[in-house]
Every structure is written in C-alpha cells, then in structure tokens.
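Examining the three-dimensional arrangement
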Amino acid sequence: MSLLEVRGLAVEFDTAEGPVRAVRGIDFTVERGRTLGIVGESGSGKSVTSLAVMGLHRGAAVTGSVRFDGTELIGAPEESVRRLRGRRIAMVFQDALTALHPYFTIGDQIAEAYREHHGGSRKAARARAVEVLGDVGIPDPARRAREHPHQFSGGMRQRAMIALALSCEPDLIIADEPTTALDVTVQAQVLDLLAGQQQARGLGLVLITHDLGVIARIADEVLVMYGGSAAEQAPADRLFTAPRHPYTRGLLDSLPRLDAPEGEPLRAIPGSPPSPLAPPPGCAFHPRCAVYAEHGSPLCTADRPLLRLVAEGHRNACALDEVTTG
Amino acid sequence: MTGFLLRRLLGIAGTLLVICALTFAVFYLLPSDPAAQFCGKDCSADRIVMVRQQMGLDDPLIVQFGRYVLGIFAGQTLGSGQYAVHCGFPCFGYSFQSGQPVWDLMLDRLPASASLALGAAVLWLLLGLSAGLLSALRRNTWVDRTVMVATIGIAALPVYFTAMLLLYVVVTVLGLMPYPRYIAFGEDPVGWIRNLILPWITLALTFAAIYARMTRNSVIETMAEPYVRTARAKGLRERRVVGRHGLRPALTPVATMLGMDLGGLLAGALITESLFSLPGVGKLFADSLNKADQPVIMGITLLASFFIVTSNLVVDLVYAWIDPRARLT
Ligand SMILES: Nc1ncnc2c1ncn2[C@@H]1O[C@H](COP(=O)(O)OP(=O)(O)OP(=O)(O)O)[C@@H](O)[C@H]1O
Ligand SMILES: [Mg+2]
C-alpha cells in the first residue's frame, strides 16, 4: 500500500468574481522513503494541492480522493483528520518568519505540537523540542529553544520549522517551497538537511517548488503542474533527460546552465500563466506553447488534453505529443 | 529597558510641561481678570489692585508660569504677611469659586469618575469582545450581519439620547429604581452598582459598538495569518487555534485602544457625568468652565493630560510584554 495516493483531486473556490478552479483533477502517489517533487509557476495550484491533502481548506469544495496509508481523508470526520495533522503528515511552510507564531518561543511551539499528539509532561515535551532542534543542526538548542522566531536568522528559522515538522515522527512531510525565502547558499544547506532527514527516517516527502534545480537535487518522481492540472509526470531522471511536454521543456530551457556559452541570456517562457477565473479553452498552455505556434492544431483548443502514458512511469498531457517526439 | 523607561518618562514630563504652558497661555490671553473673579462681585478697584499684587498677577507671565509649575512639586506660599497661606504639595492653587485647594477638589471627584470609567469598560469589553468574536467566527452569516448592523446603529446613538431613554424607561415607566445618585463603593457596594448601572450602560454602549467592530476585523485578519495555518497544520484543536494562536495577536490592538480610552475617561466623562449628575471630575470640569474657574480648569486639564500620557506608556509596556518583537526598542 502506498503511503499517499491522490486521485482526481480537485479544489474549487467560490469567490466574489466567480468560481476559481484552482486544482482540476490531479493524481499522484508518494511511497515511503521517496520524494515527489511538484513543480510549476506561481498560481499553478501547488499550495492549494498541499493544503487539500492536509484537509486545511475551509470554505472550498474539495473533491476526489486522498488516501493516506489506506485511509480516505476526503469526507472523513474533521477530528480524525486533525489527529493525523502534525502527527503523521507534517508541513513545512515557505516563510518561517510568518509561519511561526511571533508571540511564542520556538521551543514552546514545538513542544505544543508534541504534547498535543503524545501527551506527557510539559518538561518531556520541552526536552523533545530541544532534541529535534539539535537534530536539525541548531547549535546550543537548549538556549535557542527559549528564543522567539524573530531572534533567529532565516536559515535557522527554516531549520526550526523543519524541527517542528519532525517533532512528532511523521510518516509524510509536505514542504511547500521550503527554501524560496532563503539566500542561495542557505537554500542548499536547508535542502540537504531536509533530504538527509527524509533518508534517515525513511519518510515520504512532497517537495513543492518552482525551481527545477531543487527538483533535480532531491526528487525521485516529478509532477509538473500548469494551470491546476498535471502537464507531465515522470521519474526525475527521465524528466531531465527526456522531457515531453512543451511546458516542461520551456522550464528546463529557462534553467541557468553551467555549460551555456557566456553571455547567452536565459530563455524564460514567454507570456504569463492563465487567469484562474477565465482559463483559455482546451489546453491551458496553448497560448504560450511554441509547438502549438508552429504546428497549431484544433485539438489544442478543443479539449483539455488527457495524461497519457508515453513510457514506463512517464505520463504527458499534450495533444501534440507525437509531433514533439517525432 | 531602563534606558527606554527613562527616555519615556522624560518625554512624558516634557509633554506635560508643554500642555501646561499652552493652557497657561490660553488663560493669559482670555479677557477675564482672575483678580476680579477671585475678589467677588462688589469689589472696590483698590481691593482688586491689592488682590492682583497678592496673586502675583503683575509679575511677568514667565515668572507666574514658573511659580505655578514649581508649586505643583514643591508647594508654594500665596500672599504675604497675615494673609499668607501655604499650599502644600501638590499645589494646583485654589478654586475661585469655593476657595478650596484644586487638588482636594479633584481628589474628591476622582472616585466617581474612576467608578464610571472602569465599570463601563468592563461592560463594553464583555459586550464588544464577545460580539466581535462571534461575528468574526461566524463571518458572513446572518449572525455577523445582525451584529454589524446593530453596531452601526448603536454607535450613532447620541449619549444624551441613550441616557434620557434609559432614565425614562427604567426609572419613570418601569419604576425599577429611583433616580440614580452616586454612592461610594466603600459605603455600600450594592448601592454603588445599582446606582451606576444606567451611567455604565450609557457610556459603554458606544464603546461596545466600536470595540465589536474592531475585534471582528482584527480577529478576521489574524485568523488569516500564516501562523494560524501552521497551528492548524500542527493538528491543534480549533478551540486552541483560535484561543491561543489567533486571539492573542488579535486582541493586542484592542488592548492598546482600551488603554487610550481608559486614560481619557479616568479624568472624567464630561457628558455622561453631567447627564446623571455624577460628582465626577468631568462634572467638576463642566461646572468650572461655566464659572471660568481658571485654577480648577487648569488642574483638570493637567490631570487629564497626565492620565493620557501615562496610559500611553502603560500601553507600550503591555504591548512589549505581549509581543516579544516589540521588546527590542
Ligand atoms: N482561498 C482562495 N480563494 C480563492 N482563490 C484561491 C485561494 N487560494 C488560492 N487561490 C487561487 O488558486 C490558484 C492556485 O494558487 P496556489 O497558491 O496553489 O498557487 P501556487 O502554485 O502555490 O503558487 P506560488 O508558487 O505562488 O505559491 C491561484 O490562482 C490562486 O489565486
Ligand atoms: Mg504556493
């Protein structure tokens, strides 16, 4: 049984301007000890997906299936989902400065989660907080546990956020852009820490990012999202060596490369992400798609392309798949 | 911390000095002659000259001002020879009307004002916070809309209208109690409450409406903060998420406002006290204004300023105590 199995997950918000279909039916699976990278531009529905798995959407229509360790979470009683949160599925948020509570000490915030799920004395929970802070490489953890988030540097704060996630020994960690707010060098350290802990503890990890470089570093599988749908899904090594979807190719082309001739500009994908209120008909990517521009097909504007198996474990949602690979 | 306190206290002293100077200047510019005031109706020109001399009104303004300020801290002797009176610390001079020390007059009236302000504050906090919280947690439901419409209506009610309506219904029509009169708490606690209930409601209603709206907005805002989402992601119960992680930051601005409002009200709620004939500082102020009783007006102005600047300091200290990020300054 897989640790996490998501099928046909869709999230729709009712807004004043009309319904927003932020996620439009995506599937993915996370195994124990493996890392799934979810990549996509801003607004592609990555965070909405992660919050849907946690059952943290309030006032949004969430449909489809989220099975965690065999248990269906969608439609499950709030109380039973609450018991999983933090305890078996933990989250690492992007900006630890705003995601940690400004009024409470780091130690308090970790101990609070631990006591909620494991009970025991305040003292034991504090000791546990100091222990995990040490685990994530925070020097002098006993002293730092008594400090507030604003007294931490950005990197240390993100480590503390990871410590909070690890404190209850979860089976799955969902990290939503855990390094976006950090300096490049600190980014690498925090990423290595996350990957290291994941390996050491055999956790499932969902790593959300808009940076393919991060994916290349630690992901086993990759889900490329565009406009709330999956554009392409593949094992990481395949995605980098044999990308199929024009959007994935565009993302790869816009990566800075060490072997690029000096002075060659980065090629960003032209155009901007689709409006969530009025997405283009057919394939959401076609207005920006280089292949569509060249081989324009009515297929691209008629229906949303379905994900099709193109190789072992590799799926692509492009009506012009034959053209691109041919 | 000590440096911060010291700086703030100096700032307070400076502010009070400036306010004192301004009030002093205003009275100097007024056409009324304090000597004539003090002397009474049938006062000969000769006597007025004598009184002017005795009161030091012929001295340059700056000297008079210095004497006044010094007097507050060190006391002063007014007049000379057999007419000399010593006015001890803290000396705010004597009322032209009653001849009593201003300080004693104010001290006398303070309990009624404090009773009114503190009791009303308890009432408006209970009403405002619970209505605001309920509205925020039931956002966009009929409960929320009802509360919000009600607050607009209540906030628009003039104080004198509320007071008259309450008196008419409770005292005249229903006869639930006699016309309220102030009874000191120490004398009869139950009587104190019974007689203050109508003034409390009158004063509290407007504040309750404002506090309800403020609490609602503040709670809605904080409940959308990332750290509240984190609290949920930790698997905490919703009660704890709201009570511990959401409410504390949401109430910080409310606490700040409470400090300011209380500071302003301690030195008297002018209209409410007058409407209910409560012997408070506000009533004293209104009466003194009518009679142009300069020393009393000066004294109360300074007392009110003192309460306001001090409550500002208290608010800042409380703020630093609840929000660790504010501690660095
Ligand atoms: N509470 C909400 N109400 C209405 N629309 C929402 C809400 N939350 C998200 N959305 C919309 O859903 C879409 C997807 O948002 P999401 O936050 O998942 O993007 P993302 O991929 O995480 O982007 P980023 O890289 O900027 O974090 C966006 O268009 C956003 O406007
Ligand atoms: Mg996001």
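Everything in this summary refers to the structure shown in the same document. (Residues numbered from 1 in each chain as written. Chains lettered and ligands numbered in written order. Predicted model: local features only at pLDDT ≥ 70, side-chain atom pairs only at ≥ 80, totals over all residues. Heavy atoms only, no water.)

**Looking at the nonpolar core**
Here is the rule: In these notes, a set of buried Ala, Val, Leu, Ile, Met, Phe, Trp, Tyr and Cys residues joined through side-chain atoms within 4.5 Å is what counts as a nonpolar core. Each residue is placed in one exposure class: buried if its accessible area under a 1.4 Å probe, protein chains only, is under 20% of its type's maximum, exposed if it is over 50%, and partly exposed if it falls in between. By definition, any uninterrupted DSSP run of H or I lasting at least four residues is a helix, any uninterrupted run of E lasting at least two residues is a strand, and each is numbered from the N terminus. The criterion used for residue contact is that any of the two residues' heavy atoms lie within 4.5 Å.
Counting residues in hydrophobic clusters, the biggest one holds 71 residues, and the most contacted among them are A:Leu4, A:Phe28, A:Leu172 and A:Ile174. Looking at this core, the element that brings in the most residues is helix α7 (residues 154–166) of chain A, giving eight residues. Those residues in contact with A:Leu172, other than ones at most four positions away along the chain, are A:Leu3, A:Leu4, A:Val30, A:Phe68, A:Arg88, A:Ile89, A:Ala90, A:Gly204, A:Leu205 and A:Val206. Residues B:Ala121, B:Ala208, B:Val254 and B:Leu265 belong to the second largest nonpolar core, which totals 28 residues.

**Description of the sheet that holds strand β8 (residues 204–209) of chain A**
Residues and elements named next belong to chain A. Here is the rule: Here, any two strands with at least 2 DSSP bridges between them count as paired. Helix axes use the C-alpha atoms of the stretch in contact, all axes being lines fitted to C-alpha atoms, and the angles between their N-to-C directions lie in the range 0 to 180 degrees.
Strand order in this open sheet of eight strands is β6-β7-β8-β3-β9-β10-β12-β11, and the pairing throughout is mixed. Edge positions in the sheet fall to β6 (89–92) and β11 (308–311), since each has one partner strand and no second. Taking the axes of each pair of neighbouring strands and ignoring which way they run, one obtains an average angle of 20 degrees across the sheet. Examined bridge by bridge, strand β3 (residues 35–39) and β8 share five bridges and lie parallel to one another. Residue Gly 37 lies in a different strand from β8, and its bridge partner there is Leu 207. In this fold α7 packs onto β6 and β7 (172–176), with an angle of close to 175 degrees to the strand it touches most, β6.

**A short note on helix α7 (residues 159–173) of chain B**
Residues and elements named next belong to chain B. The test is simple: Expected span of a helix, by definition, is 1.5 Å for each gap between consecutive residues, and there is one gap fewer than residues.
Here α7 spans 20 Å end to end across 15 residues, near enough to the 21 Å set by a 1.5 Å rise per residue. When we look at burial in α7, the residues that qualify are Thr 162, Ala 163, Leu 166, Leu 167, Val 170 and Val 171. In the core, the buried residues of α7 are packed alongside α8 (189–223) and α11 (270–275). At the C-terminal side of α7, Gly 175 shows a positive phi close to 60 degrees.

**Considerations on the packing of aromatic side chains**
Defined as follows: Planes of paired rings set the category: under 30 degrees apart is stacked, over 60 is edge-to-face and the rest tilted, where pairs are Phe, Tyr or Trp rings (Trp by its six-membered ring) whose centres lie within 6.5 Å. For a lysine, the NZ atom is tested; for an arginine, the CZ atom; a charge sits over a ring if that atom is within 6 Å of the ring centre and within 35 degrees of the ring normal.
For the coordinates displayed, the defined rule picks out 11 aromatic pairs over all chains. Centroid distance B:Phe24 to B:Tyr68: 5.8 Å. Interplanar angle 55 degrees. Geometry classified as tilted. Taken together, the residues B:Phe24 in helix α1 (residues 2–29) and B:Tyr68 in helix α4 (residues 61–74) connect sequence positions 44 residues apart. Pair check on accessibility: B:Phe24 and B:Tyr68 agree, each one buried. Geometrically, the ring pair formed by B:Trp124 and B:Phe207 is stacked, given 4.2 Å between the ring centres and 15 degrees between the ring planes. Taken as a pair, B:Trp124 in helix α5 (residues 102–137) and B:Phe207 in helix α8 lie far apart in primary sequence, 83 residues in all. We classify B:Trp124 as buried; its relative accessible area is 0%. Take B:Phe207: its relative accessible area is 17%, and that puts it in the buried class. Grouped by ring-pair contacts, the aromatic residues A:Tyr226, A:Tyr247 and A:Phe285 constitute a single cluster. Positioned above the aromatic ring of A:Phe93 is the side chain of B:Arg229, whose terminal nitrogen or guanidinium carbon lies 4.0 Å from the ring centre. Positioned over the ring face of A:Phe104 is B:Arg244, at 4.1 Å from the centre of the ring.

**A short note on the pairing of strand β9 (residues 221–226) of chain A**
All names here are of chain A. Burial analysis of β9 places five of its six residues in the buried class, which makes it a mostly covered element. Examined bridge by bridge, β3 and β9 share four bridges and lie parallel to one another. Note on β9: the bridge partner recorded for Gly 37 is Val 222. Here β9 folds back onto strand β10 (residues 229–235) in antiparallel fashion, the turn holding two residues, of which Gly 227 has a positive phi close to 55 degrees.

**Describing the sheet that holds strand β2 (residues 18–30) of chain A**
Residue and element names in this part refer to chain A. Pairing is antiparallel across the open sheet formed by four strands, whose spatial order is β2-β1-β4-β5. Edge positions in the open sheet fall to β2 and β5 (71–72), since each of these has one partner strand only. Bridge count between strand β4 (residues 60–68) and β5: two bridges; the pairing is antiparallel. Bridging from a neighbouring strand, Arg 67 pairs with Glu 72 of β5. Against the sheet, helix α1 (residues 46–54) makes contact with β1 (4–15), β2 and β4, and its axis sits at roughly 110 degrees relative to β1, the strand it touches most.

**Here we look at the environment of A:Val62**
Residues and elements named next belong to chain A. Its location among the elements puts Val 62 in strand β4. The sequence separation of Val 62 and Val 136 amounts to 74 residues, and the corresponding C-alpha distance is 34 Å. The contact partners of Val 62, leaving out residues within four places of it in the chain, are Leu 9, Ala 10, Val 11, Ala 52, His 57 and Ile 74.

**A few points about the pattern of salt bridges**
Using the following cut-off: We count a salt bridge whenever a side-chain nitrogen from Lys or Arg sits within 4 Å of a carboxyl oxygen from Asp or Glu.
In the structure shown here, the tally under the stated rule is 32 salt bridges over all chains. Here B:Arg240 and A:Glu112 are joined by a salt bridge, their closest N and O atoms 2.7 Å apart. Note that B:Arg240 is positioned in helix α10 (residues 238–266) and A:Glu112 in helix α4 (residues 106–118), a pairing that runs across two chains. Under the relative-accessibility criterion, A:Glu112 is labelled buried at 6%. Between A:Asp321 and A:Arg244 there is a salt bridge whose closest N-O contact spans 2.9 Å. Separated by 77 residues along the polypeptide, A:Asp321 in helix α14 (residues 321–325) and A:Arg244 in the loop between α10 (236–241) and α11 (246–253) bring together distant segments of the chain. Linked by salt bridges that have partners in common, A:Glu79, A:Arg82, A:Arg83, A:Glu116 and B:Arg237 make up one network.

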